Amino acid sequence: MNIQRVWQDFLMIVTEEAGSRVVETWLKAVTFKEWDDINYIAYLVAPNTFVKDWINTKYLTLLETHLKRLLHVTQLKIVLVDHDAPQPLSPRNASPEVISLLPQAKVTPTAERPSASHAVARASRHITLTDQYTFSNFVIGPHNQLAYAAAQAVCKQPGAAYNPLFIYGASGLGKTHLLHAIGNETRANHKRASIVYQPADRFVSEFIQAIRFDKVQLFKDKYKNVDVLLVDDIQSIAGKDQTQEAFFHIFNTLYENNKQIIFTSDTYPREMTGITARLRSRLEWGLVADIGVPTIETRIAILARKADSSPHPIEQKVLEFIAAHAPSNVRQLEGAFIRVMAFASLTGQSVSLELAQKVLGLPPSPEPQRARVITFDMVTDLIEKEYGYSLAQLRSPSRHKGMSFARQVAMYLMKRNTAEPLTEIARHLRRSDHTTVMHAVQKIEHAVTQDLNLKNDIERLEERLKQG
Ligand code: ADP
Ligand code: MG
């Protein structure tokens, strides 16, 4: 868990919801020092007592609500200390983590020995799947259809269909949710299966401890007995060569034994830097499925699903308003929704459109400068003007050089400027599947780094799309 990134996400959400003044004045002064993921305690440091007290009285709920979500836990405790206070933070600092490598059976919990029960928590912590992330509360839309279908297939027959399954997409779009859903579902279907969920950065720190305490074999053995391995945020293994080496062998063993491996990442395998070529090629051996940005309909559906669990009914138009005005990143969308609900309940008001407008700090009518929605037709019209190829030509199977290039630029512009998933772009341009689009996007992304004229052309085209 990269807590600095969590903290940045937190600040971003609060800026959007509570305004930059709160963030600039109070929250930016705070540092997220440590996350104790065994006892679920977030240790924060304020620069002085004044700031500490102020935050404790005014922003504790805000901190709790958002950090819980960002850290994927249902409970947590916030410990805010001020900078000058003597600060022994969590007890973990004192004891090395090597214990997590011991096979679970050997660890006997003893009430008199707090370190032993601590060890149990530690030894089992890699299996903690979050119950609240299930398929039943995962909303499906065009942006995640492929990843969802692949996830379902994997649950039916782990190790058989898509191995490994690689799910990629930007932050806050549901990768971790889907990964836990796979874990929960597989556990329900295959009671005896050993399922391990591990964020890659934790895998790295575990490996480092193993080296330090000469327990590398134990480390490898532990993973070799797994039936389903869920590795979250694999991109964070980048640059950690030795860990990659160990992981490579674990991967091979699991793969050869038909054990299912699922990765999530914010980067497409081929674009990952700091990863050895052979490991990278393994990552894309199976199926690579992307999660894009949800469409407005899906965003409304996600909020409607959340509203179902609210004690008071919430009008559709309020949901639509929030979905249209909050960022399309699902995490921030949920943040906006929670903020509206919290405000209503704290002030004893019902959830109305006016209230939502007020809480989100937005004018009642859509802002005039709101970004224009870019459609596929706008892209293909522009391509025709620029390169002289019609939509019919772009859709044709012809691989004529100029036409192929124009088609690739079209795909690139569609991917970057619409919220449509790769599968939709492929369908629109009559390509066999989304990987064609993915390759086109990568090709242009690479080409613009090599060719300044092309870079300028593309920027100009994007500008024209935005201006209309
Ligand atoms: P990522 O791992 O891609 O950064 P998360 O899985 O942590 O994103 O998702 C962020 C939040 O958005 C979570 O609370 C998750 O439950 C929610 N979320 C994302 N996608 C969906 C979806 N399709 N349906 C319901 N909730 C979703
Ligand atoms: Mg995640």
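Each remark here, short or long, concerns the structure printed above.
Remember, it's a predicted structure, so these values are computed and weren't measured experimentally.

About the thresholds
Residues numbered from 1 in each chain as written. Chains lettered and ligands numbered in written order. Predicted model: local features only at pLDDT ≥ 70, side-chain atom pairs only at ≥ 80, totals over all residues. Heavy atoms only, no water. Helix = DSSP H or I, 4+ residues; strand = E, 2+ residues; numbered from the N terminus. Buried < 20%, exposed > 50% of the residue type's maximum accessible area, 1.4 Å probe, protein only. Contact = heavy atoms within 4.5 Å. Areas by Shrake-Rupley, 256 points an atom, 1.4 Å probe, with all protein chains shown as cover. Axes fitted to C-alpha atoms, helices over the stretch in contact; angles between N-to-C directions. Parallel < 35°, antiparallel > 145°, perpendicular 65-115°, else oblique. Left-handed = near helix turned anticlockwise from the far one by under 90°. Nonpolar A, V, L, I, M, F, W, Y, C, P; charged D, E, K, R; others polar. Near = heavy atom within 4 Å. Polar contact = N/O pair within 3.5 Å; in protein donor to acceptor, adjacent residues only side chain to side chain. Pairing = 2+ DSSP bridges.

A. Molecular detail of the overall build of the protein chain. Scanning the protein chain from N- to C-terminus turns up 21 helices and eight strands. Every one of the 468 residues in the protein chain was classed for burial, and the buried ones make up 49%. Counting only contacts in the protein chain whose residues sit at least 6 apart along the sequence, the fraction spanning at least 24 positions is 73%. Working note: accessible area of the protein chain is about 22,500 Å², and carbon and sulfur atoms make up 52% of it.

B. Main features of the packing of helix α20 (residues 434-450) against helix α21 (residues 452-467). Contact geometry for α20 and α21: axes closest at 6 Å, N-to-C directions at 120 degrees. Compared by their axis directions, α20 and α21 come out oblique. Here α20 runs over α21; the crossing is left-handed. Contact residues: α20 offers Ile-444, Ala-447, Val-448 and Gln-450, while α21 offers Leu-452, Leu-454, Lys-455 and Ile-458. Counted by class, the contact of α20 with α21 contains six nonpolar, one polar and one charged residues.

C. Examining the site of ligand 1 more closely. Near ligand 1 you find 18 residues, and of these Val-139, Gly-172, Thr-176, His-177 and Glu-334 are the closest. For ligand 1, a nitrogen atom lies 3.4 Å from a polar atom in the side chain of Asn-144. At 3.2 Å, a backbone N or O of Leu-173 approaches an oxygen atom of ligand 1. Contact with the protein chains hides 94% of the accessible area of ligand 1, taken as 560 Å² for the molecule alone. For the shell around ligand 1, the secondary structure elements donating two or more residues are α7 (175-189) and α14 (330-347).

D. Examining the sheet that holds strand β2 (residues 41-46) more closely. Strand order in the open sheet formed by three strands is β1-β2-β3, with mixed pairing between adjacent strands. Two strands close off the open sheet at either side, each with one partner strand: β1 (31-36) and β3 (77-82). Averaged over all pairs of adjacent strands, the angle between strand axes in this sheet comes to 20 degrees, irrespective of strand direction. As defined by bridge partners, β2 adjoins β3 across six bridges and the pair is classed as parallel. The residue bridging Leu-44 from the neighbouring strand is Leu-80, located in β3. Helix α4 (residues 60-70) contacts β2 and β3 of the sheet and is inclined by roughly 130 degrees relative to β3.

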